[in-house]
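Coordinate inspection notes
Letter by letter, the chains look like this.
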Amino acid sequence: MTHLATDVLVVGAGGAGMYAAVAVAREGRSVLLLDKGLVGRGGATIMAQMTVAAAIAHEEPDDWTLHLEDTLDAGRGICHEPLSRMLCERAPERILEMDRWGTRWARENGHIKQVTAPGHRRKRCCYVDFLSTGPAVAATLRHQVSIADRVRRVSNVAAIEVCVADGRVRGAVALDLSTGSLVTMAARAVVLAAGGLTKIFRRNSASTNMGGEAYWLALEAGAELVDMEFVQFFPIAHLAPRLVGMDPIMWDPFRYKLGGRLLNGNFEEFIHRYGGQDEGRYTAPRDLASYAILKEVEAGRGSPHGGVYLDFRHLPEATVRSAFGPVIDRLLANGIDLTRTAVEVAPTAHYHMGGIAVDERLETRVAGLFAAGEAVGGPGGANRVSGNAISEALVFGERAGFFAAETAAGADPGWSPAYAERARAELADLRARKGSGPAPGVVSTELQDAMWEHAGPFRSEEGLERALARIHALRRRLPELTIAAGDVFNLDVQDWYELNAMLRSAEAVASSALRRRESRGAHQRLDAPQMSPAFEKNQRVALDHGVLTSRWSPVVRSGVRTA
Amino acid sequence: MTARVTTLSVWRGGAEDGRFERYEVPFEEGMSVLDALRWIRAHADSSLAIRYSCINANACHTCMALVDGRVEYTCTARLTPAGVTVAPLPKRPVIRDLVTDTMPVEEKLDCGA
Ligand SMILES: Cc1cc2nc3c(=O)[nH]c(=O)nc-3n(C[C@H](O)[C@H](O)[C@H](O)COP(=O)(O)OP(=O)(O)OC[C@H]3O[C@@H](n4cnc5c(N)ncnc54)[C@H](O)[C@@H]3O)c2cc1C
């Protein structure tokens, strides 16, 4: 079995993990940067096509305190304010550092161009043309980690356990997909930067590696998760016809700029039936749009694939082309001619506000265990404004790396092979098993269906109870699942660990949603449609001898704003 | 609508000891080769080894294979009812099935550490 030793282990090499690695190396410490996929290519960062929010004030006067106000407003009273503040205050440094590193932010008259996006009162969203923000961010950071001394990168190796002894992190165990064997890693500090969980829902914008492994690893290590009920559902994500090479949430700016009509399966406008105003403009709030769409589908008035139509056919071709030139060609390459066809759209799980509970050093309650990026819970509260997720990845990545390096400068807590014993026995058992049930991937699909039906954009006590019952039933099937033979690149083995993570993440989401008997931000309860002051608090979950427990905690305020 | 199917011939095994196997996959207009490969894993044979991450975005650029003799991203290669043959990338060591060794050498576990 391969054994590696490092000062800091970073799990996940998206925007957050790569920035963390650079920050650790800057402090003179060694880093091991691990990714389940290929470094810089496995998660959400490379898929993001829109914008990054930072109050650099290149376009117009702006200030991080305004950015913070917008962030806290969207978060509906329950943001972890010191984390929100860190995000907004430090986003400009990160954007400008990335600029020096060669990210080609769109420019105009020599300055970095910034645009508005929903939820921002100022033009503060930077981007890279055309729809290349995420790929450009990922490419810049891939280069930085490749030239940094002391950063060792490892691809296709997935962390499956963080090892903790006497209350301190000691390292981790990982699965090397290429050989099917375990790798042990001694580390003085570990940063979990393994991204979000939207894959637990049937409709999602996720990459294949977004099954919530960061949350599962943190829980099993003894850390708490917070705000797990707050999943952001995007109302008009692309559904059909099949479209490749485009961010599924791309229709937002289209609709915003051009005014697309939302029509049901009978090509009738419907938003007004639910109290919204639409008239071809993007004025209906997101939750209302999602609600109206899902209700139309439920009533049998959906489009063929179970969504509604977004229609631009009333616009002259020249208008469409002048607004989105090169994108129009990409659509045509997909066989979509907006002047002739209405596309189908539907709500989809897009981002997770909740996540690992950390303090102002991005450290969990387990000494030496840090988190960064989407894996962190708290800064967005009940809802995130657009563009804040990449800023969060960059800012928290840098901060987590910095603080992890500081911790790693202390005494070496030491490694023992015994720490890997549980994982080793579990894998041996898995490989020896003669299962009679389906492969793990099949059960993941069942879980996705249950989460979408019962714990998706609209929730109720009854539905959430059902979701939890399904989750427990699926968990009981784990021992009977069949794992294909062979060690080399055996995706069933990887899927099995991922399914464990998905089940835990799903349980955390559904049980937290059940206990929050109100509607707030992205958490919408049909049986409790109002926001209730009694719930202006955060919910934390943890594992206690294999059982998920929960407690409420007061919101952590920063004192920046009193109103 | 009548259910349509298409056929994929997919390389299984190592470079030397492999063979093509045929899979019938439900066909939908606009479907990608990657969609079909994922369908095979989910419904026919989960032991099929493939490499991909972003699924839709054509951003991760990790899903390349030889599709009807041409190097293509399987996510952008469109299927037709006529079917396709999918083989691992040429000139790359085959790890298993469609997965070849495309990892940068510094990102390997055994790169001399
Ligand atoms: C389609 C799409 C579009 C988006 N557009 C925008 C946008 O325009 N603006 C914006 O601000 N935000 C956007 N977001 C959100 C934003 O991209 C993400 O929140 C952010 O990139 C997350 O960065 P991260 O580094 O935390 O995680 P990721 O980039 O997801 O990286 C996590 C990494 O961890 C790896 N990993 C997972 N499990 C393990 C494990 N067990 N062991 C080792 N590695 C593991 C994964 O392979 C992955 O590479 C978008 C998201 C999506 C999905």
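Keep in mind it's a predicted model, so treat the numbers as computed, not measured.

Along chain B, the regular secondary structure elements total one helix and seven strands. Listing the helices and strands of chain B from first to last along the sequence gives β-β-α-β-β-β-β-β. A globule of 113 residues ought to have a C-alpha radius of gyration of about 13 Å, and chain B, at 14 Å, matches this closely. In terms of overall dimensions, chain B has C-alpha extents of about 55 × 30 × 25 Å along its principal axes. For chain B, buried positions account for 52% of its 113 residues. For chain B, the proportion of contacts with a sequence separation of at least 24, taken over those separated by at least 6, is 43%. Summing over all exposed atoms, chain B offers an accessible surface of approximately 5500 Å²; the carbon and sulfur share of this is 52%. Charged side chains of chain B number 13 positive and 15 negative; the gap between the two group centres comes to 2 Å.

Another point: the overall build of chain A. Counting its regular elements, chain A contains 13 helices and 19 strands. Taken over the C-alpha trace, chain A has a radius of gyration of 23 Å; the compact-globule value for 563 residues is 24 Å, and the two agree within 12%. Based on the C-alpha atoms only, the size of chain A along its principal axes is roughly 65 × 60 × 50 Å. Once local pairs closer than 6 in sequence are excluded, the contacts in chain A between residues at least 24 apart make up 73%. Summed over its atoms, the accessible surface of chain A is roughly 19400 Å², and 49% of this surface lies on carbon and sulfur atoms. Once the 65 positive and 67 negative side-chain charges of chain A are each reduced to a mean point, those two points are 1 Å apart.

Turning our eyes to something else, we now look at the site of the ligand. Residues and elements named next belong to chain A. Lining the immediate environment of the ligand, one finds 38 residues, of which Asp35, Ala44, Thr45, Glu213 and Glu374 sit closest. Here a nitrogen atom of the ligand and a backbone polar atom of Thr51 are 2.8 Å apart. Gly387 places a main-chain nitrogen or oxygen 3.3 Å from an oxygen atom of the ligand. Compared with its free state, where it exposes 1000 Å², the ligand has 99% of that area covered by protein. Its residues assigned to classes, the shell around the ligand shows 17 nonpolar, 15 polar and six charged.

In this section: the packing of aromatic side chains. All names here are of chain A. Taken as a whole and assessed by the stated rule, the structure comprises 12 aromatic pairs over all chains. Centre to centre, the rings of Trp415 and Tyr419 are 5.3 Å apart; their planes meet at 85 degrees, and the pair counts as edge-to-face. Arranged with centres 5.4 Å apart and planes meeting at 80 degrees, the rings of Trp496 and Tyr497 form a pair that is edge-to-face. Each member of the pair, Trp496 as well as Tyr497, is classed as buried. The ring of Phe402 is capped by Arg399, whose NZ or CZ atom sits 4.6 Å from the centre of that ring. Looking at Lys537, its charged tip hangs above the ring of Trp552, at a distance of 4.8 Å from the centre.

Before going further, it helps to examine the sheet that holds strand E19 (residues 547-553) of chain A. Residues and elements named next belong to chain A. Within the open sheet, the four strands sit side by side as E16-E11-E18-E19. Their pairing is antiparallel. Each of the sheet's edge strands pairs with one partner strand only, and the pair in question is strand E16 (355-356) and E19. Packed on one face of the sheet, helix H13 (residues 491-515) meets strand E11 (225-226), strand E18 (538-544) and E19 and runs near 135 degrees to E18.

Let us now look at the pattern of salt bridges. Two side chains bearing opposite charge may form a pair once their charged atoms approach each other closely. Residue and element names in this part refer to chain A. Enumeration according to the criterion identifies 64 salt bridges over all chains in this entry. Put simply, Glu69 and Arg121 hold a salt bridge, and the shortest N to O gap is 3.3 Å. Note that Glu69 is positioned in helix H2 (residues 64-74) and Arg121 in the loop between strand E5 (111-112) and strand E6 (125-126), a separation of 52 residues in sequence. Note on Glu69: relative accessible area 30%, which makes it partly exposed. For Arg121, a relative accessible area of 39% corresponds to the partly exposed category. Linking Arg516 and Glu229 is a salt bridge whose minimum nitrogen-to-oxygen distance equals 2.6 Å. One end of the pair, Arg516, is in the loop between H13 and E18; the other, Glu229, is in the loop between E11 and strand E12 (231-240), and 287 residues separate them in sequence. Across the pair, exposure class does not vary: Arg516 and Glu229 are buried alike. Residues participating in the shared-partner salt-bridge network are Arg26, Arg90, Glu93, Arg94, Glu97, Glu398 and Arg399.

Residue and element names in this part refer to chain A. Between helix H1 (residues 15-26) and helix H4 (residues 133-147), the least distance of the axes is 9 Å, while the angle of their chain directions is 30 degrees. Between H1 and H4, the angle falls in the class roughly parallel. In this structure, H1 crosses over H4, and the sense of that crossing is left-handed. Facing H1, whose interface residues are Gly15, Met18, Tyr19, Ala21 and Val22, H4 presents Ala138, Leu141, Arg142, Gln144 and Val145. Here the residues of the contact of H1 with H4 are counted per class, giving seven nonpolar, two polar and one charged.

In this section: unusual backbone geometry. Cis geometry is adopted by the peptide bond preceding Pro241(A), which originates at Ala240(A) and carries an omega value of -5 degrees. Looking at where Pro241(A) falls in the secondary structure, it is placed in the loop between E12 and helix H6 (251-258). With a phi angle near 55 degrees, Ala57(A) is a residue other than glycine that sits in the positive phi range. Considering the arrangement of structural elements, one finds Ala57(A) in the loop between strand E3 (52-53) and H2. Overall, Ala57(A) belongs to the partly exposed group, its relative accessible area being 32%. Here the phi dihedral of His61(B) falls at roughly 55 degrees; this positive angle occurs in a residue that is not glycine. Here His61(B) lies in the loop between helix H1 (33-43) and strand E3 (64-67).

Residue and element names in this part refer to chain A. The topology assignment puts Ala117 in the loop between E5 and E6. Here the alpha-carbon distance between Ala117 and Val443, two residues 326 residues apart in the chain, equals 38 Å. Once residues lying within four places of it in the same chain are set aside, the contact partners of Ala117 are Cys125 and Ser386.

We now examine the domain arrangement of chain A. Residues and elements named next belong to chain A. When its domains are assigned, chain A resolves into domain 1 (2-50 + 134-231 + 351-417), domain 2 (235-347) and domain 3 (419-530). Taking the mean C-alpha position of each, domain 1 and domain 3 sit 21 Å from one another. Each partner contributes residues to the interface: domain 1 has 43 residues there, and domain 3 has 40 residues. Of the roughly 3500 Å² buried at the junction of domain 1 and domain 3 (both faces included), carbon and sulfur atoms supply 63%. Our count for the contact surface shared by domain 1 and domain 3 stands at six salt bridges. Glu498 serves as the salt-bridge partner of Lys36, at 3.1 Å between the closest nitrogen and oxygen.

This brings us to the packing of helix H10 (residues 421-432) of chain A against H13(A). All names here are of chain A. Viewed as axis vectors pointing N to C, H10 and H13 meet at an angle of 125 degrees, and their least axial separation amounts to 12 Å. Comparing their axes, H13 and H10 come out oblique. With respect to the hand of their crossing, H10 and H13 are arranged in right-handed fashion. Across from Glu426, Leu427, Leu430 and Arg431 in H10, the residues of H13 making contact are Val493, Trp496 and Tyr497. The residue makeup of the contact of H10 with H13, split by class, is five nonpolar, no polar and two charged.

Rules of the game
Residues numbered from 1 in each chain as written. Chains lettered and ligands numbered in written order. Predicted model: local features only at pLDDT ≥ 70, side-chain atom pairs only at ≥ 80, totals over all residues. Heavy atoms only, no water. Helix = DSSP H or I, 4+ residues; strand = E, 2+ residues; numbered from the N terminus. Rg over C-alpha atoms; globule rule 2.2 N^0.38 Å. Buried < 20%, exposed > 50% of the residue type's maximum accessible area, 1.4 Å probe, protein only. Contact = heavy atoms within 4.5 Å. Areas by Shrake-Rupley, 256 points an atom, 1.4 Å probe, with all protein chains shown as cover. Lys, Arg positive; Asp, Glu negative; His and termini not counted. Charge placed at Lys NZ, Arg CZ, Asp CG, Glu CD. Near = heavy atom within 4 Å. Polar contact = N/O pair within 3.5 Å; in protein donor to acceptor, adjacent residues only side chain to side chain. Nonpolar A, V, L, I, M, F, W, Y, C, P; charged D, E, K, R; others polar. Phe/Tyr/Trp six-rings, centres within 6.5 Å; stacked < 30°, edge-to-face > 60°. Lys NZ or Arg CZ within 6 Å of the ring centre and 35° of its normal. Pairing = 2+ DSSP bridges. Axes fitted to C-alpha atoms, helices over the stretch in contact; angles between N-to-C directions. Salt bridge = Lys/Arg side-chain N within 4 Å of Asp/Glu carboxyl O. Parallel < 35°, antiparallel > 145°, perpendicular 65-115°, else oblique. Left-handed = near helix turned anticlockwise from the far one by under 90°. Domains from an automatic or database assignment. Buried area = accessible area lost by both parts, 1.4 Å probe.

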